[in-house]
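Chains, contacts and geometry: an overview
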Amino acid sequence: MRIAVFASGNGSNFQVIAEAVKAGKIDGEIVLLFSDNKQAKVLERAEQLGIPHVSFSPKDFSEKSIYEGEILHLLEEKKVNFIVLAGYMRLIGPALLEAFPEKIINIHPSLLPQFPGLHGIRDAYEARVKETGVTVHYVDKGVDTGPIIAQERVIITEDDTMSSLEDKIHQVEHRLYPEVLKKIIENRERRA
Ligand code: GAR
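A brief structural summary.

Scoring rules and cut-offs
- Residues numbered from 1 in each chain as written.
- Predicted model: local features only at pLDDT ≥ 70, side-chain atom pairs only at ≥ 80, totals over all residues.
- Heavy atoms only, no water.
- Helix = DSSP H or I, 4+ residues; strand = E, 2+ residues; numbered from the N terminus.
- Rg over C-alpha atoms; globule rule 2.2 N^0.38 Å.
- Areas by Shrake-Rupley, 256 points an atom, 1.4 Å probe, with all protein chains shown as cover.
- Lys, Arg positive; Asp, Glu negative; His and termini not counted.
- Charge placed at Lys NZ, Arg CZ, Asp CG, Glu CD.
- Core = buried A, V, L, I, M, F, W, Y, C linked by side-chain atoms within 4.5 Å.
- Buried < 20%, exposed > 50% of the residue type's maximum accessible area, 1.4 Å probe, protein only.
- Contact = heavy atoms within 4.5 Å.
- Near = heavy atom within 4 Å.
- Polar contact = N/O pair within 3.5 Å; in protein donor to acceptor, adjacent residues only side chain to side chain.
- 1 Å grid on protein atoms, 1.4 Å probe; cavity = no way out; pocket = protein on both sides within 12 Å on 5 of 7 lines; lining within 4 Å.
- Sits in = over half its atoms within 2 Å of the grid points.
- Nonpolar A, V, L, I, M, F, W, Y, C, P; charged D, E, K, R; others polar.
- Axes fitted to C-alpha atoms, helices over the stretch in contact; angles between N-to-C directions.
- Parallel < 35°, antiparallel > 145°, perpendicular 65-115°, else oblique.
- Left-handed = near helix turned anticlockwise from the far one by under 90°.
- Right-handed = clockwise from strand over helix to strand, strands pointing away.
- Pairing = 2+ DSSP bridges.
- Phe/Tyr/Trp six-rings, centres within 6.5 Å; stacked < 30°, edge-to-face > 60°.

**Some words on the overall build of the chain**
A count of helices and strands for the chain gives 6 helices and 7 strands. Counted from the first residue to the last, the chain has its helices and strands arranged as β-α-β-α-β-α-β-α-β-α-β-β-α. Expected size for 192 residues packed as a compact globule is a radius of gyration near 16 Å; at 16 Å, the chain falls within 12% of this value. On the principal axes, the C-alpha backbone points of the chain span a range of 50 × 40 × 30 Å. Summed over its atoms, the accessible surface of the chain is roughly 10,000 Å², and 51% of this surface lies on carbon and sulfur atoms. Averaging the positions of the 24 positive and the 29 negative side-chain charges in the chain gives two centres separated by 3 Å.

**Side note on the nonpolar core**
Counting 38 residues, the largest nonpolar core has F14, I30, L33, V84, I105 and L181 as the members making the most contacts within it. Top contributing element to this core by residue count: helix α6 (residues 162–191), with 9 residues. Aside from chain neighbours lying at most four places away, what touches I105 is F82, I83, V84, L85, V136, H137, Y138, V139, I149, Y177, L181 and I184. The next biggest cluster of nonpolar side chains, apart from the first, holds 21 residues, and it includes F34, L74, L75 and L96.

**Some points on the site of the ligand**
Taken together, the neighbourhood of the ligand is formed by 13 residues, with G11, S12, N13, H108 and E173 sitting nearest. A distance of 2.7 Å is found between an oxygen atom of the ligand and a backbone nitrogen or oxygen belonging to G11. In this structure, I107 approaches the ligand through a main-chain N or O atom, which is 3.5 Å from an oxygen atom. Out of a free accessible area of 450 Å², the ligand has 91% covered by protein chains. Placement of the ligand is best described as lying within the largest pocket. Of all the secondary-structure elements, those providing two or more residues to the shell around the ligand are α1 (12–22), β5 (104–108) and α6. Looking at the shell around the ligand residue by residue, the class counts come to 3 nonpolar, 8 polar and 2 charged.

**Quick notes on the packing of α1 against α6**
For the pair α1 and α6, interaxial distance at closest approach is 9 Å and the crossing angle is 50°. The angle between α1 and α6 falls in the class oblique. Considering the relative orientation of α1 and α6, their crossing is right-handed. Counting all contacts with α1, which are made through S12, N13, V16, I17 and A20, the residues of α6 involved are E173, H174, Y177, P178 and L181. Broken down by class, the residue content of the contact of α1 with α6 amounts to 6 nonpolar, 3 polar and 1 charged.

**Thoughts on the pairing of strand β1 (residues 2–7)**
Across the 6 residues of β1, 5 count as buried, placing the element largely inside the fold. Chirality of the crossover, the property in question, places the unit of β1, α1 and strand β2 (residues 29–35) among those that are right-handed. Where β1 meets strand β4 (residues 82–85), 4 bridges bridge the pair, whose relative direction is parallel. Counterpart to I3 in the pairing with β4 is F82.

**Quick word on the packing of aromatic side chains**
For the structure on display, the rule yields 8 aromatic pairs. Judged by centre distance (6.2 Å) and plane angle (55°), the ring pair of F34 and Y67 falls under tilted. In this pair, F34 is assigned in strand β2 and Y67 in helix α3 (residues 64–77), connecting sequence segments 33 residues apart. Pair check on accessibility: F34 and Y67 agree, each one buried. Relative to F61, the ring of F56 lies with its centre 5.4 Å away and its plane at 70°, an arrangement referred to as edge-to-face. Three or more aromatic residues link up through ring pairs in this structure, and these residues are F6, F34, F56, F61, Y67 and Y88.

This is a description of form; function is not addressed.
Put into structure tokens, the structure is as follows:
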């Protein structure tokens, strides 16, 4: 599998996936890290890991469709056949969705369909729910919608702060996302 990872920020999920690929735990190659944010820490991580990285923003283009066309061009050039969103904080438009049907996955820090959007952890914390979690799902045109592949619960205790909850969620993400990606790739290779 020739994988592209899209990320907008820190990139801790990108890092764990890249390490799992490097260690041979995931049968594939990360051929591209794309970021829509030129300041993102994920770009430094890609540089250190020796993974090709490209960054440009929709603001660099007159229309979002041209921005996505440019991404599509890159993906074709690199012969990408699977896309992993890891903290990519934008909707995927129709051209990319059509070019990669059931080939784009996302991770979200809540038990979807609860608390979609940009602030899944904070929204659950402020809602004072007793549990939240992590969801991995296929991407469709909605915000954190699309068929769910895996979910794991995280209990919110009386003692939790926003920061401790964030830590707990990230710990789950860092285990779950490489595991799920590994399984998807194994299943597809078995079927091929
Ligand atoms: C992760 O918690 C991921 O679930 C979330 O962004 C964070 C990225 O962290 N994604 C979303 O909220 C998508 N709606 P990272 O940059 O350290 O991997």
